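Here are the chains, one letter per residue:
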Amino acid sequence: MFLFSMLMFLVAVCAGAWLLLFPAGRALVAQSVTVVAGRIEQNLRSRAAQAVLQAGALGRGTRDGVAGGAHWLWRRWPVLVAAAVLVTVPPLLALVLSSPTMLGGYEDHRVTNEQVALLLRGERLAAPAALPPPVFTTAEVTLVRPMLDSANRNWQLLDADFSRRLLVVFRIMKEQHGYDMAILEGYRSPERQNALAAAGPAVTNARAFQSYHQFGLAADCAFLRNGKLVISEKDPWVMRGYQLYGEVAQSVGLTWGGRWKMMDFGHTELRVEGTLAK
């Protein structure tokens, strides 16, 4: 590499000395540069002329295309007018003919959702006061829900997220629909779950750890009327309450037992994937 560099340096020095000492050499180089520059200039002029010709042809083609498109549109103007009418008239009619009373139920639903969102964002609701034990052992209650006297109704044993959502349901049912509610059973021990399952499918089909009750993620609820629990869906007022209860519960992300094949109208649960035993 060093030898090659020295050789190139020697050639450069010789060429410089030749140009410096011999006028004929300088003239030859100047003539060669002039010839090369002339050829480059001629080549550039030729290409510029070709570009001008191509641009002119493209412009003529564009003008012809625009003219043809305009002619096509002019021949089909009735179709275009009809299409414009079909696109614009229906929305205009809907706007003109609509009234504030249309979809009135939608407004109520929106307001409810806003209230639910506000409550779920952080307002801490207090659990209702515990009811006296005899309320849960009346003849009507025992007929529909046996073994309720030993059920757990402690809000503190419920999952915090589920408890917050259920309290929102209780508040909306009271303030918007006029229903006072109470928990019949919240957390349920594995032993009690097995005991209820042993009573037969009319009570429950779920055994220990197959129910969200064991994780504080479920509750069975009912309504209070004149200080008494009313549970039976044969009562029209109660059945209407269950329907409203299901709608409100679902609006806050809970699952309502009234949608099941074996309907459990008072039941709600917060389903968490991977919680139940297989």
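All figures in this text were calculated on a predicted structure; none of them were measured in a lab.

Asks: Honestly, the overall build of the protein chain in this entry has me stumped. Any pointers?
Replies: A count of helical and extended segments in the protein chain gives 8 helices and 5 strands. Starting at the N terminus and ending at the C terminus, the protein chain contains elements arranged as α-α-α-α-α-α-β-α-β-β-α-β-β. When the 278 residues of the protein chain are sorted by exposure, 28% land in the buried category. Contacts spanning at least 24 positions in sequence make up 64% of the contacts within the protein chain whose residues lie at least 6 apart. When the accessible area of the protein chain is evaluated, it comes to approximately 18800 Å², of which 65% is carbon and sulfur surface.

Asks: So what exactly am I meant to see when it comes to the confidence of the model for the protein chain here?
Replies: Do not read the predicted coordinates in detail wherever pLDDT is low. Across the protein chain, the average pLDDT comes to 79, with 60% of residues at or above 70. Low pLDDT, under 50, characterises residues 98–111; the predicted model gives this stretch 1 contact beyond four residues in sequence or across chains.

Asks: Any chance you could explain the pattern of salt bridges here in plain terms?
Replies: Here the structure, examined in full by the defined rule, presents 11 salt bridges. Across the pair Arg 188 and Asp 220 runs a salt bridge, and its minimum N-O distance is 3.3 Å. Taken together, the residues Arg 188 in the loop between strand E1 (180–185) and helix H7 (190–198) and Asp 220 in strand E2 (residues 218–225) connect sequence positions 32 residues apart. Assigned by exposure class, Arg 188 and Asp 220 land together as buried.

Asks: Could you clarify how one ought to interpret H7 in this entry?
Replies: One turn of the α-helix equals 3.6 residues, which is why residues spaced by three or four share an orientation. When we look at burial in H7, the residues that qualify are Pro 190, Arg 192, Gln 193, Leu 196 and Ala 197. Down the axis of H7, the smallest arc covering the buried residues is 160°, so these residues share one side. H7 presents Glu 191 and Ala 198 as exposed residues on the side facing more than 90 degrees away from its buried surface. Immediately downstream of H7, the backbone of Gly 200 shows phi near 115°, a positive value.

Asks: Explain the nonpolar core to me, please; I cannot follow it from the model alone.
Replies: Generally speaking, nonpolar side chains in soluble globular proteins are found buried as a group. Among the nonpolar cores identified, the biggest contains 42 residues, and Leu 166, Met 173, Phe 223, Leu 229 and Tyr 245 are the most heavily contacted of them. Looking at this core, the element that brings in the most residues is helix H6 (residues 160–177), giving 8 residues. Sequence-distant contacts of Met 173, that is, excluding residues within four places in its chain, are made with Gly 178, Tyr 179, Met 181, Phe 223, Gly 241, Leu 244, Tyr 245 and Val 248.

Asks: So what exactly am I meant to see when it comes to the environment of Met 181 here?
Replies: Tracing the backbone shows Met 181 in strand E1. On a C-alpha basis, the gap between Met 181 and Pro 128 in space is 9.0 Å, while along the polypeptide they are 53 residues apart. Each residue touching Met 181, except ones within four places of it in the same chain, is listed here: Phe 170, Met 173, Cys 221, Ala 222, Phe 223, Leu 224 and Tyr 245.

Asks: Can you help me understand the pairing of E1 in this one?
Replies: In terms of burial, E1 is a largely internal element, 5 of the 6 residues being buried. As defined by bridge partners, E1 adjoins E2 across 5 bridges and the pair is classed as antiparallel. Residue pairing for E2: Ala 182 is matched across the bridge by Ala 222.

Asks: Sorry if this is basic, but what is going on with the pairing of E2 here?
Replies: Remember that side chains alternate between the two faces of the sheet whenever the strand is regular. Of all 8 residues in E2, 7 are buried, a share of seventy percent or more. Sheet topology places E2 next to strand E5 (residues 267–269); 3 bridges connect them, and they run antiparallel. Note on E5: the bridge partner recorded for Ala 219 is Thr 268. The pairing of E2 with strand E3 (residues 228–230) spans 3 bridges and is antiparallel. Within E3, the residue paired with Leu 224 across the bridge is Leu 229. Taking the residues between adjacent antiparallel strands as the criterion, E2 and E3 are bridged by 2 residues, where Asn 226 takes a positive phi near 55°.

Asks: Which parts of the structure should I look at to understand the packing of aromatic side chains?
Replies: In this description, an aromatic ring pair is defined by two values, namely the gap between the centres and the angle between the planes. Applying the stated criterion to the full structure yields 8 aromatic pairs. Centre to centre, the rings of Tyr 242 and Phe 265 are 5.6 Å apart; their planes meet at 25°, and the pair counts as stacked. Taken together, the positions of Tyr 242 in helix H8 (residues 236–251) and Phe 265 in the loop between strand E4 (255–256) and E5 put the pair 23 residues apart, joining distant regions of the chain. Each residue in the set Tyr 179, Phe 223, Trp 237, Tyr 242, Trp 256 and Phe 265 is aromatic and connected to the rest through ring pairs, giving one cluster. Stacked on the ring of Phe 136, the Lys or Arg Arg 153 has its end atom at 3.6 Å from the ring centre.

Analysis parameters
Here, residues in each chain are numbered from 1, in the same order as that chain's written sequence. For a predicted model such as this one, the threshold for reporting local features is a pLDDT of at least 70, and the threshold for listing and counting side-chain atom pairs is 80 or more; totals across whole chains, interfaces and linings nevertheless cover every residue. For the side-chain quantities, the full set of heavy atoms in the structure was used; hydrogens and water were omitted. Only DSSP runs of H or I with at least four residues qualify as helices, and only runs of E with at least two residues qualify as strands; both kinds are numbered from the N terminus onward. For every residue, the accessible area obtained with a 1.4 Å probe (protein chains only) is divided by the maximum for its type, and the residue is called buried under 20%, exposed over 50%, and partly exposed between those limits. Whether two residues touch is decided by their heavy atoms; if any such pair falls within 4.5 Å, the residues are in contact. Calculation of accessible area relied on Shrake-Rupley with a 1.4 Å probe; when residues are assessed, cover is drawn exclusively from the protein chains displayed. Every residue is assigned a pLDDT by the predictor, reflecting its confidence on a scale from 0 to 100. For this document, the term salt bridge refers to a Lys or Arg side-chain nitrogen within 4 Å of an Asp or Glu carboxyl oxygen. The directions from the helix axis to the C-beta atoms are what the arc is built from. Nonpolar cores were defined as sets of buried Ala, Val, Leu, Ile, Met, Phe, Trp, Tyr and Cys residues, with membership established by side-chain atoms within 4.5 Å. In this analysis, strands are considered paired if DSSP registers two or more bridges between them. A pair of aromatic rings is counted whenever rings of Phe, Tyr or Trp (Trp by its six-membered ring) have centres within 6.5 Å, and the orientation is called stacked for planes under 30 degrees apart, edge-to-face for over 60 and tilted otherwise. Remark: a charge is flagged as sitting over a ring if the NZ atom of Lys or the CZ atom of Arg is within 6 Å of the ring centre and within 35 degrees of the ring normal.

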